[in-house]
Amino acid sequence: MSDIVIATRGLSRCFGDFVAVDNLSMNIPANTVHGFLGPNGSGKTTAIRMMCGLLDPSEGEVEVLGMQVPAQAAIVRRSVGYMTQRFSMYEDMTVEQNLHFLCRIHGLNASERRNRVTEVMAEYRLGDLSSRAAGPLSGGQKRRLALAGAVLTRPKLLILDEPTSEVDPNTRREMWESFFRIAATGTSILVSTHLMDEAERCHALTIMNQGRKVADGTVADLKTSLNATVVIVSGPDVASITPQFNAAEEVLAAAQSGNELRVILHNDVAQPEQFAQGVAGEQYRAALTDATIEDVFVVVTSEGERD
Amino acid sequence: MLASLKRMLAVFMKEIIQLKNDRLTFAMVVVIPLIQLLLFGYTINTDVRDVPIALVDEAGTSFSRQFIHDLEATQVIRVAAQLAVPDEAAQAVTDGDYSAGLIIPADIERRFYAEAGEPLAQLVVDGSDTVMASALKALAGFPFSPGEVVANQARQGTLAVTLLYNPEQRAALFTVPGLLGVILTMTMTMFTAIAIVRERERGNMELLIATPVKPLELMVGKLVPYMVIGMVQVAIILLLGHWLFDVTVVGSYLLLAFSCLVFVFANLGLGLLISTRAPNQLGAMQMFIFFFLPSILLSGFMFPFVAMPQVAQWLAEVLPMTHFLRVVRGIVLRDAPLTAVSGDLLFLGGFFLLTLGLSLLGFRQKLD
C-alpha cells in the first residue's frame, strides 16, 4: 500500500451555483493525524463526504487507500471508519444495540462481536451506558459512542468530521488522546475542526477557506513559512489603540487578548517591534513572539478573501 | 453471498429492535386491525333496517293500521312518531328529524278497491342518503293484501332472483374480506413509506451508506419484519371476523394466506417506492394518502366496481387493492380456485417487483 491514504486532485463540488469545494488537491500521508481546518461553511464536510463516496464530485478525482472513489467506494467502505458531524446512530436503540448493529453490518461473527463491543465500550467509557438509549445521551457521550462506532472494525483510515463539537474540554482532551492512541496502531486519521488548539495538536494541516485550500503542510512548517511576523503590544488600554493598528496598511490583523494586543504584520515590515511601538505610542511595550496556528489561519484566510 | 445475508439479517434485527422500542407503532400493528374491524364491521352496513319514519294517518281505520303494520313487518321502516298533518311530516323530513314521512290519506281503503290502480299512500323520503333512499324506494313495490300475513304472500314480480353466495345478504361477509385489504394497505404501505425517509431525516442514512450495506440488502432487511407483521394482522382479522361476524372462509386457507402474502409484498413495495422518493416524512404521508383514498373508494371496497365509470375502472385496475379484493372475496366467499385468481395474483406480484425495482433505481447510496 502506498503511504498516501487520501489523495485528491482538482476536486470540486457545486450545489447549483454555489461552489462548496473548489479545485482541492491534497495528499494525506499514512500514520498521521491530519487536521482539516477551516471556518464553518468552508467546504470541509463536503470534501469529506466526497472522500467517503457519499457525494459525487462535480470535477476532479479522489483516491482513498489507493482506490478510486466513488467507483470503488463499496470496497473502500470496509476499511474506512467515518464519524459524521451530526450524530447519526439510532437514537431509539441502546448504546450496545447500536454497536452490535454496526458489527453485524460489517460481518463480524458472534464472538468477535461480543469481544469487540466490550472492548470499545471499556475504551470509550460507555460500559455504564450500555443499556441506555442513545437519544437522551449528553453531547459528549454521543460523541464517544460515535467514535467507538467508527473504530469498531479497526479501520485503516478514520475520517472524523468535527468529532469534538458540543463536547466539554475534558472529553475533548480525552478524545484527542485516543486519536493519537489509534494513530499509533497504524490507523491514519483525517479530522476536521475549526478549533485552533486542536489544529495545533495535528501532525499536519490542510486549511480551507470558502471552498479552497489556502495552505497545507506540517504544523511547524506552516508556522515558519508564514509571510508575517507577530508582535504582542501590552500597555494600559490596548482597546483604545486597536483602531490605529487596524487602519495601518502593514497590519494584517490585530486582536485583543486580555491586556495584550496581538498584531500580525506583513513580512516586508523591516523592524516590526519598532513599527508597532511607533503606532502604539510611548506608554506601550511591543515584543516579537512566535506565530501560532491561529495566526497562520488568520493570515491565510484573509489572503483568500482578497482574491 | 453469506456476507450479504448477514447484512440483511443485521438490518432485519435492527428493525425488530426499533419496532420493539417504538411502542406506538407496535401497538398500531395490533390495534389498527382490531379497531377498524370492530368499527367498520359493525357500521358499514348496506342492509337498510329500522329506518325511523314519521307517520300521518289521516284515515285512522283498521285498514290503515294493518297497512302500517304490514309495512313495518318488512323491517325496513319503523314508525318513530305520529304527526297530525302532512305538512308536519314534510317539515320533519326537511329538518332531518326523520328519514321519511308516511302519509296515509283518509280514503286509503277506497283507493285500494278502485280499479284505476291509484297509489294507496305517499312516502316522502329524504333522498340525500342514496343507499337509504333506494331501499325505501323499493317499498313502492311492496305487495299488500288486507286480511293476510305478508309472509304468506306469493312472490310477485317478473324476475325470480336466486342468490348463489351470501344468500342472507349479510354485509359483514362483504365487508370483512374488504377490510383485510384496507387494513393491510394502510399499515403496510404507511410503515414502509416512512421507513427510509425517516433514516434520511434523522441523519442515520449518512452512517448507513458509509457502511458496506447494499441497497437491496437494506430494503429486504427492512421489508421482512413488516411482512411478518402483515401476516399477523391477516390472522387477527380472519380470527376476529370469524368470532365476531361469523365470516368463515369457504375456500382454501393456503391459497388465502399466499394471496395475502403477495398483497403484503405489493404494498411494502409501494411503501418503499414512496419512501425513496419523498423529501421527508410529512411528504411521505401525503403521498400515502394520495394513494390510499382511491384505494378505498375505487377498489370496490365501498362501491361496486362494475358500476363505476370506465375511466374510474381503468384507474382502479392500477391499484393493488382492486385485484386483492377480487382475489380475497373469491376465496373467502366463493371458494375460488387458484386458476380463477391467478391473473390478479400475477398483477400483485408484478406490482411488487416493479415498485421494488423503481425503489432500487431511486435509492442512491448518496446524500444528494
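Here the structure is a predicted model, which is why all the values come from computation and not from measurement.

Caption draft 1: The overall build of chain A, seen in detail. A count of helices and strands for chain A gives 11 helices and 14 strands. Based on the C-alpha atoms only, the size of chain A along its principal axes is roughly 75 × 45 × 35 Å. Per-residue burial over chain A gives 47% buried out of 307 residues. At a minimum sequence separation of 6, the contacts of chain A that also span at least 24 residues come to 68%.

Caption draft 2: Main features of helix H1 (residues 2–21) of chain B. Residue and element names in this part refer to chain B. If you check H1, its first and last C-alpha atoms are 28 Å apart, about what 20 residues at 1.5 Å a residue would give, namely 28 Å. Of all the residues in H1, the buried ones are Arg 7, Met 8, Ala 10, Val 11 and Lys 14. Projected down its long axis, H1 shows its buried positions confined to an angular sector of 150 degrees, all on one face. Exposed positions of H1 whose direction lies more than 90 degrees from the buried face are Leu 2 and Lys 20.

Caption draft 3: Local environment of the sheet that holds strand S2 (residues 18–29) of chain A. Residues and elements named next belong to chain A. Pairing in this open sheet of four strands is antiparallel, and the strands run S2-S1-S4-S5 from one edge to the other. The strands lining the two open edges of the sheet, one partner per strand, are S2 and strand S5 (67–69). Pairwise comparison of adjacent strand axes, ignoring direction, gives a mean angle of 25 degrees for this sheet. Across three bridges, strand S4 (residues 59–64) lies against S5 in antiparallel orientation. Counterpart to Val 62 in the pairing with S5 is Val 69. Its contacts with the sheet place helix H1 (residues 44–51) against strand S1 (4–15), S2, S4 and S5, and it is angled at close to 120 degrees to S1.

Caption draft 4: Fine view of the interface of chain B and chain A. Taken together, the contact between chain B and chain A spans 24 residues of the former and 25 residues of the latter. Listing elements by their share of the side of chain B that touches chain A, those giving two or more residues are H1 and helix H8 (204–209) of chain B. Element by element, the count of residues in the side of chain B that touches chain A is highest for H1 of chain B, at 10 residues. For the side of chain B that touches chain A, the per-class residue count stands at 11 nonpolar, five polar and eight charged.

Caption draft 5: The arrangement of the domain arrangement of chain B in detail. Here the domain parsing of chain B yields domain 1 (29–44 + 169–362) and domain 2 (51–152). On a C-alpha basis, the centroid separation for the pair domain 1 of chain B and domain 2 of chain B is 45 Å.

Caption draft 6: View of the packing of helix H7 (residues 171–202) of chain B against helix H9 (residues 215–245) of chain B. All names here are of chain B. At a minimum axis separation of 10 Å, H7 and H9 run at an interaxial angle of 160 degrees. Here H7 lies roughly antiparallel to H9, going by the angle between them. The hand of the H7/H9 crossing is right-handed. Residue-level contacts link Ala 172, Val 176, Leu 179, Leu 180, Ile 183, Leu 184, Thr 187, Met 188, Phe 191, Thr 192 and Ala 195 of H7 to Lys 222, Leu 223, Tyr 226, Gly 230, Gln 233, Val 234, Ile 237, Gly 241 and Phe 245 of H9. Looking at the contact of H7 with H9 residue by residue, the classes come out as 14 nonpolar, five polar and one charged.

Caption draft 7: Summary view of the pairing of strand S8 (residues 188–193) of chain A. All names here are of chain A. Summarising burial for S8: six of the six residues are buried, a large majority. Where burial is concerned, the two faces of S8 agree: the one with Ser 188, Leu 190 and Ser 192 and the one with Ile 189, Val 191 and Thr 193 are both buried. Judged from the five bridges that link them, strand S3 (residues 33–37) and S8 form a sheet pairing that is parallel. Within S8, the residue paired with Val 33 across the bridge is Ile 189. Pairing geometry for strand S7 (residues 157–161) and S8, over five bridges, is parallel. By the bridge assignment for S8, Leu 157 is matched with Ser 188. You can see the chain leave S7, run along helix H6 (residues 169–184) and come back into S8, and the turn it takes is right-handed.

Caption draft 8: How the structure looks around unusual backbone geometry. Cis geometry marks the peptide bond from Val 69 of chain A to Pro 70 of chain A, where omega comes out at 10 degrees. Mapped onto the elements, Pro 70 of chain A comes out in the loop between S5 and helix H2 (73–76). Backbone geometry places Asp 246 of chain B, a non-glycine residue, at a positive phi of 60 degrees. Take Asp 246 of chain B: it is sitting in the loop between H9 and helix H10 (253–277). For Asp 246 of chain B, a count of 11 C-beta atoms within 10 Å gives the class exposed.

Caption draft 9: A look at the domain arrangement of chain A. Partitioning chain A into domains gives domain 1 (4–218) and domain 2 (227–290). Computed from C-alpha coordinates alone, the two centres of domain 1 of chain A and domain 2 of chain A are separated by 39 Å.

Caption draft 10: The arrangement of the nonpolar core in detail. If you look at the biggest cluster of nonpolar residues, it comprises 170 residues, and the most contacted ones within it are Met 51, Val 64, Ala 148, Ile 159 and Val 263 of chain A together with Leu 348 of chain B. With 18 residues, the top contributor of residues to this core is H7 of chain B. Apart from the residues within four sequence positions on either side, Val 64 of chain A is in contact with Ile 6, Met 51, Val 69, Val 76, Val 80 and Leu 157 of chain A.

Caption draft 11: How the structure looks around the sheet that holds strand S9 (residues 204–209) of chain A. Residue and element names in this part refer to chain A. Pairing is mixed across the open sheet formed by six strands, whose spatial order is S6-S7-S8-S3-S9-S10. A strand with exactly one partner marks an edge of an open sheet, and here the two such strands are strand S6 (80–83) and strand S10 (212–218). For this sheet, the mean angle separating the axes of adjacent strands, direction not counted, is 15 degrees. As judged from the four bridges shared by S3 and S9, these two strands associate in the parallel manner. The partner of Phe 36 across the bridge, within S9, is Thr 206. Against the sheet, H1 contacts S3, S7, S8 and S9, and its axis sits at roughly 150 degrees relative to S7.

Calculation rules
Residues numbered from 1 in each chain as written. Chains lettered and ligands numbered in written order. Predicted model: local features only at pLDDT ≥ 70, side-chain atom pairs only at ≥ 80, totals over all residues. Helix = DSSP H or I, 4+ residues; strand = E, 2+ residues; numbered from the N terminus. Buried ≥ 20, exposed ≤ 12 C-beta atoms within 10 Å, placed from the backbone. Contact = placed C-beta atoms within 7 Å. Expected span 1.5 Å × (residues − 1). Arc of directions from axis to C-beta. Pairing = 2+ DSSP bridges. Axes fitted to C-alpha atoms, helices over the stretch in contact; angles between N-to-C directions. Nonpolar A, V, L, I, M, F, W, Y, C, P; charged D, E, K, R; others polar. Domains from an automatic or database assignment. Parallel < 35°, antiparallel > 145°, perpendicular 65-115°, else oblique. Left-handed = near helix turned anticlockwise from the far one by under 90°. Right-handed = clockwise from strand over helix to strand, strands pointing away. Core = buried A, V, L, I, M, F, W, Y, C linked by C-beta atoms within 7 Å.

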